[in-house]
Amino acid sequence: FTVTCLEVMRRFLLLYATQQGQAKAIAEEICEQAVVHGFSADLHCISESDKYDLKTETAPLVVVVSTTGTGDPPDTARKFVKEIQNQTLPVDFFAHLRYGLLGLGDSEYTYFCNGGKIIDKRLQELGARHFYDTGHADDCVGLELVVEPWIAGLWPALRKHFRSSRGQEEISGALPVASPASLRTDLVKSELLHIESQVELLRFDDSGGKDSEVLKQNAVNSNQSNVLIEDFESSLTRSEPPLSQASLNIPALPPEYLQVYLQESLGQEESQASVTSADPIFQVPISKAVQLTTNDAIKTTLLVELDISNTDFSYQPGDAFSVICPNSDSEVQSLLQRLQLEDKREHCVLLKIKADTKKKGIFASPCGLYQ
Ligand SMILES: Cc1cc2nc3c(=O)[nH]c(=O)nc-3n(C[C@H](O)[C@H](O)[C@H](O)COP(=O)(O)O)c2cc1C
């Protein structure tokens, strides 16, 4: 006779807060994988407060939250954060809640993963406890470096949680499911529980001072750059301090996720047009520019406000627009020479996302070699 291992599909609440879609894509991935591991996720945007109630929630909670602005939670999390920041809430308000949190951010910003950190801190203050270590994924080096092991470790952590809270576990509306495979996965992946230590390994610096020759040479270079600083103009071929003074570490090569095709086009005008398809092109002034990254960040990020008051630019929430920033002619020329692509200078570049890529939230649109 056949023996079937029947298990109850265990439910958890999965909330995401996103600004540009990556946290949502990751939450959807968690939701898909949950089924394979014998769980069922109730997936909601954190702003959909009518769909869940943390005050009475007995199932474990998983939160994926990104950061925007200068260390702010995404706009969709504003109301949630305001509510939990209410100082009149008692310190045991969320004492019944067990949660795991994955923060997304970019270490080039001053307040790394601060959106997640704000929520994490406040949930703790209100008595909620982790059933799984917090992960902080860095878009600067590739979110997937932390996201993938964090998701892999989530399943054994959830199983452990359900085992230890048996009797109280949330099985309402549960479906029976045969899952011997997920039990095996549990054993294989149990060593992935402690993610935080791996996160530390992802900081690419050479503070260990392994290569003293390189450091000495950098000191020499940095003195030279100080002397040269006055007639310095940054460009594609020549960077400015601190990059020009830094000892350059080579980050891990991420798996390829784009295929590039060069397509013949009639001329530069056409390649510009391809960026914006049928839509018109406006020339508008910049009304405000704020530097969001620290002064010593390798990659500067600016918050730029464009003044569109003198245009008939019409848009709806959710629309995307392209900013056309022509590159310097001479720099493009030297790059094309270096890449031996001079005969293709007027070609249109088509980017296609590889079908099997695990990278999340990428949007590729055609462009010319000059923008
Ligand atoms: C305008 C802007 C501001 C950002 N500010 C921060 C920040 O202050 N701290 C941080 O760690 N990451 C910051 N980031 C990086 C994002 O959090 C990161 O790219 C994340 O993966 C985006 O996820 P999302 O698509 O779900 O919003 C910022 C990104 C943008 C575009």
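As shown above, the structure is provided for reference.
Residues numbered from 1 in each chain as written. Predicted model: local features only at pLDDT ≥ 70, side-chain atom pairs only at ≥ 80, totals over all residues. Heavy atoms only, no water.

## Describing the site of the ligand
With respect to spatial proximity, 22 residues lie near the ligand, and among them Thr 18, Ala 23, Thr 67, Gly 71 and Asp 139 are the closest. In this structure, Gln 22 approaches the ligand through a main-chain N or O atom, which is 2.8 Å from an oxygen atom. Burial of the ligand by the surrounding chains reaches 90%, relative to a free accessible area of 650 Å². Contributions of two or more residues to the shell around the ligand are made by helix H1 (22-36) and strand E5 (98-105). Split into classes, the residues belonging to the shell around the ligand amount to 8 nonpolar, 12 polar and 2 charged. (Near = heavy atom within 4 Å. Polar contact = N/O pair within 3.5 Å; in protein donor to acceptor, adjacent residues only side chain to side chain. Areas by Shrake-Rupley, 256 points an atom, 1.4 Å probe, with all protein chains shown as cover. Helix = DSSP H or I, 4+ residues; strand = E, 2+ residues; numbered from the N terminus. Nonpolar A, V, L, I, M, F, W, Y, C, P; charged D, E, K, R; others polar.)

## Examining the side chain of Thr 18
By secondary structure assignment, the location of Thr 18 is in the loop between strand E2 (10-17) and H1. Since its relative accessible area comes to 14%, Thr 18 is described here as buried. In terms of polar contacts, Thr 18 uses its side chain to reach the backbone amide nitrogen of Gly 21, at 2.7 Å. Polar side-chain contacts of Thr 18 include one of 3.4 Å to the backbone nitrogen of Gln 22. Those residues in contact with Thr 18 that sit more than four places away from it in its chain are Ala 23, Lys 24, Ser 66, Pro 74 and Thr 76. (Buried < 20%, exposed > 50% of the residue type's maximum accessible area, 1.4 Å probe, protein only. Contact = heavy atoms within 4.5 Å.)

## Some words on H1
Across its 15 residues, H1 extends 22 Å between first and last C-alpha, which sits within 8% of the 21 Å expected from 1.5 Å per residue. Of the residues making up H1, those classed as buried are Gln 22, Ala 23, Ala 25, Ile 26, Ala 27, Ile 30 and Ala 34. Gly 38 occupies a position one or two residues after H1 and carries a positive phi of about 85°. (Expected span 1.5 Å × (residues − 1).)

## Here we look at helix H3 (residues 114-125)
With 12 residues, H3 extends 16 Å from end C-alpha to end C-alpha; this agrees with the ideal 16 Å at 1.5 Å per step. As for H3, its buried residues are in contact with strand E4 (61-65), helix H2 (78-84), E5 and strand E6 (129-130). The first or second residue beyond H3 is Gly 127, which carries a positive phi of 95°.

## Observations regarding the pattern of salt bridges
For the structure on display, the rule yields 11 salt bridges. Put simply, Glu 48 and Lys 51 hold a salt bridge, and the shortest N to O gap is 3.2 Å. Glu 48 gets classed as partly exposed once you look at its relative accessible area, which sits at 27%. Lys 51 gets classed as partly exposed once you look at its relative accessible area, which sits at 45%. We note a salt bridge from Glu 305 to Lys 288, for which the minimum N-O separation is 3.7 Å. Of this pair, Glu 305 sits in strand E11 (residues 302-306) while Lys 288 sits in strand E10 (residues 286-291), placing them 17 residues apart in sequence. A residue is classified by how much of its surface remains accessible, and Glu 305, at 37% relative accessible area, is partly exposed. For Lys 288, a relative accessible area of 40% puts it in the partly exposed group. (Salt bridge = Lys/Arg side-chain N within 4 Å of Asp/Glu carboxyl O.)

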